[in-house]
Amino acid sequence: MKTHHIKRLAAVLLLGSSLLPVTSCNKEYINPSEASVPSVINNPDALMTLCAGLQYRYTIRRQSPLYCYAVGGGYSVYALYTLNIGNTSEKEIETGKGAITLNNSFITQMWTQCLLTRTEAETVLANLNVAAEAGDRVGLKAYASIFYALSMGMLVQYYEQIPLVSGHHATFSPRAEALKKVIATLESADAELNSTTISTKFLSKVPAGIDAKNTIKALLARFYNIQSMISGTYNAADGTKAITYAQAVDPLVKSEFRFSTATTNPVGELAATVNVFGAIDSTLGLRNGLAPVPASSDPRVGFYISRTNATTYPLKAFALNTTASYPVYLPGEMTLIIAENYARQSQFVNALLALNAVRTKTNDIYGIGANQPPYTGAVNQAAILADIYKQRRLEMFISGQELEDSRRFGRPGPNQPGEERNRNFYPYPLTERDNNPNTPADPTI
């Protein structure tokens, strides 16, 4: 995406032109229609409508960040398989390494739609002062902060460098700097939510399903967890914050993207055809002795996939069909963040308490049960972290976090013995490189 065109494109959206390849918006995700740019940014009701559009941008159709995040994560660690090689973009992502061409539409849409989501969220965040009511203002801030974090946090996990601002020939910054901005944005929203309740009016303007207070804490746990290892050396202060935020998330509260026949689940829409992609097999892509044997011994395998014949493994659960809800985060993710950081701090008793809470659970609010015996392996950091990685892969299948997890846990990379991922980072799309001379060199793999 031309980063110097992002603001212009956002303005076009505000003027009523949908940038998504759809014929019209529906009542659940209404864009500002015929409003002028000044009337949108100076009107709290219009900003609320733009907030509703953020979820449309992030979740709807094949070009959406949600689709690219979930499917890209699965392909990156050999968890998904392209059923019809006519789906060229997905097949290139599955193959990885040098097979990904710079005009790959999957890469282009991932980059473009994340930057557009970010810019639209920034429009809301920059104009919060127009909302006179505190409850309206905190709703705007919380909701825009969530989608800012989701879009930027996705780019952080797939790209080495990211432009932090929109502008002509925008410069790029290391992903660590982008992650700091994500965390700062979320922490600011979290502080206000601790003292101010989102108004009923605001909640009536946006799609139901997202619990802002718990979601912001969950995303802070996720991104502090990533930040704790982003330099390659563990930062215990960041890890402790990840634990604190993860513990603050209520495990009995759902936060999810909800869909209907008009606003369809993009992963479920493509998975349900059984013609684009499916699971690689019952290992869910786990290699080097990490796959459950037999697969039926872990009910999470059957929760996420089915088997229709000897070679096809369709997706279930959150990709079952076009109206299946898709969680923003899972309770098991929070517990495994706690386990991971205690393990990295060599607090093995606490690490095993959290790890076993996931291994032995028979259910949660989404119906995900592991029903495994407690951990009996070696009590050292390497062994415990290996099992935590395994549990994350089984608990959070196609969550989008697989590539980041593979790097953070030091799993074998591309072209290494026993490789478990097909790239380290994605290349920048050709649309960016052609229009921005500041685009960095692509990673080798």
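Everything in this summary refers to the structure shown in the same document. This is a predicted model, so every value here is computed, not measured.

### With respect to the overall build of the chain
And step 1. Scanning the chain for helices and strands turns up 18 helices and six strands.
And step 2. Taken against the 2.2 N^0.38 rule, which gives 22 Å for 445 residues, the C-alpha radius of gyration of the chain at 21 Å falls within 12% of a compact globule.
And step 3. Its C-alpha atoms give the chain principal-axis dimensions of roughly 60 × 50 × 40 Å.
And step 4. Evaluated residue by residue, the chain yields a buried proportion of 60% over its 445 residues.
And step 5. If you take every contact in the chain between residues at least 6 apart in sequence, the share linking residues at least 24 apart comes to 71%.

### Structural notes on the pattern of salt bridges
Once the charged atoms of two side chains with opposite charge are near each other, the side chains can pair.
And step 1. For the structure shown, the criterion picks out 24 salt bridges.
And step 2. A salt bridge links Asp 190 to Lys 217, with the nearest nitrogen and oxygen atoms 2.8 Å apart. Separated by 27 residues along the polypeptide, Asp 190 in helix 8 (residues 175–193) and Lys 217 in helix 10 (residues 212–227) bring together distant segments of the chain. Grouping residues by exposure puts Asp 190 and Lys 217 together as buried.
And step 3. Counted as one network, the salt bridges with shared partners bring together Asp 298, Arg 300, Lys 361, Asp 364 and Glu 395.

### A short note on the environment of Asn 265
And step 1. The residue Asn 265 is located in the loop between strand 4 (256–257) and helix 12 (266–271) in this model.
And step 2. A C-alpha to C-alpha distance of 7.7 Å links Asn 265 and Tyr 326, two positions 61 residues apart in sequence.
And step 3. Ignoring sequence-local partners within four residues, the contact set of Asn 265 consists of Phe 259, Phe 318, Asn 321, Thr 322, Ala 324 and Tyr 326.
And step 4. A distance of 2.8 Å separates a polar side-chain atom of Asn 265 from the backbone oxygen of Ala 324.

### Some remarks on the side chain of Thr 215
And step 1. Turning to its location among the elements, Thr 215 is positioned in helix 10.
And step 2. Among the polar contacts made by the side chain of Thr 215, one reaches the side chain of Ser 255 at a distance of 2.4 Å.
And step 3. If sequence neighbours within four positions are ignored, Thr 215 has contacts with Ile 146, Ile 210, Ser 255, Val 328 and Tyr 329.

### Describing the packing of helix 11 (residues 236–248) against helix 14 (residues 331–344)
And step 1. Look at helix 11 against helix 14: their axes get within 9 Å of each other, and the N-to-C directions meet at 150°. As the angle between them shows, helix 11 and helix 14 are arranged roughly antiparallel. The handedness of the crossing between helix 11 and helix 14 comes out as left-handed. The segment helix 11 lies against helix 14, with Gly 239, Ala 242, Ile 243, Ala 246 and Gln 247 engaging Met 334, Ile 337, Ile 338, Asn 341 and Tyr 342.
And step 2. Here the contact of helix 11 with helix 14 is built from residues that sort into seven nonpolar, three polar and no charged.

### Some thoughts on unusual backbone geometry
And step 1. Residue Pro 294 is reached from Val 293 by a cis peptide bond, and omega for that bond is -10°.
And step 2. Relative to the helices and strands, Pro 294 is located in the loop between strand 5 (277–279) and helix 13 (299–304).
And step 3. For Leu 284, which is not glycine, the phi torsion reads 55° and is therefore positive.
And step 4. Tracing the backbone through its elements, the reader meets Leu 284 in the loop between strand 5 and helix 13.
And step 5. Positive phi is not limited to glycine here, since Asn 288 has a value of about 55°.
And step 6. As for its placement among the helices and strands, Asn 288 is situated in the loop between strand 5 and helix 13.

### A word on the environment of Asn 341
And step 1. Secondary-structure assignment places Asn 341 in helix 14.
And step 2. The sequence separation of Asn 341 and Ala 279 amounts to 62 residues, and the corresponding C-alpha distance is 29 Å.
And step 3. If we skip the residues at most four places from it in the chain, Asn 341 touches Asn 225, Ser 228, Tyr 234, Gly 239, Ala 242 and Ile 243.
And step 4. Of note is the side chain of Asn 341, whose polar atom sits 2.8 Å from the side chain of Asn 225.
And step 5. At a separation of 2.9 Å, a polar atom in the side chain of Asn 341 contacts the main-chain carbonyl oxygen of Ile 337.

### Regarding helix 10
And step 1. The end-to-end C-alpha separation of helix 10 is 22 Å, in line with the 22 Å expected for 16 residues at 1.5 Å each.
And step 2. Taken across its 16 residues, helix 10 has 15 buried, putting it largely inside the fold.

### A look at the side chain of Arg 222
And step 1. Secondary-structure assignment places Arg 222 in helix 10.
And step 2. Of note is the side chain of Arg 222, whose polar atom sits 2.9 Å from the side chain of Glu 333.
And step 3. Apart from residues lying up to four places away in sequence, Arg 222 is in contact with Tyr 69, Leu 150, Val 328, Tyr 329, Glu 333, Ile 337 and Gln 401.

Rules of the game
- Residues numbered from 1 in each chain as written.
- Predicted model: local features only at pLDDT ≥ 70, side-chain atom pairs only at ≥ 80, totals over all residues.
- Heavy atoms only, no water.
- Helix = DSSP H or I, 4+ residues; strand = E, 2+ residues; numbered from the N terminus.
- Rg over C-alpha atoms; globule rule 2.2 N^0.38 Å.
- Buried < 20%, exposed > 50% of the residue type's maximum accessible area, 1.4 Å probe, protein only.
- Contact = heavy atoms within 4.5 Å.
- Salt bridge = Lys/Arg side-chain N within 4 Å of Asp/Glu carboxyl O.
- Polar contact = N/O pair within 3.5 Å; in protein donor to acceptor, adjacent residues only side chain to side chain.
- Axes fitted to C-alpha atoms, helices over the stretch in contact; angles between N-to-C directions.
- Parallel < 35°, antiparallel > 145°, perpendicular 65-115°, else oblique.
- Left-handed = near helix turned anticlockwise from the far one by under 90°.
- Nonpolar A, V, L, I, M, F, W, Y, C, P; charged D, E, K, R; others polar.
- Expected span 1.5 Å × (residues − 1).

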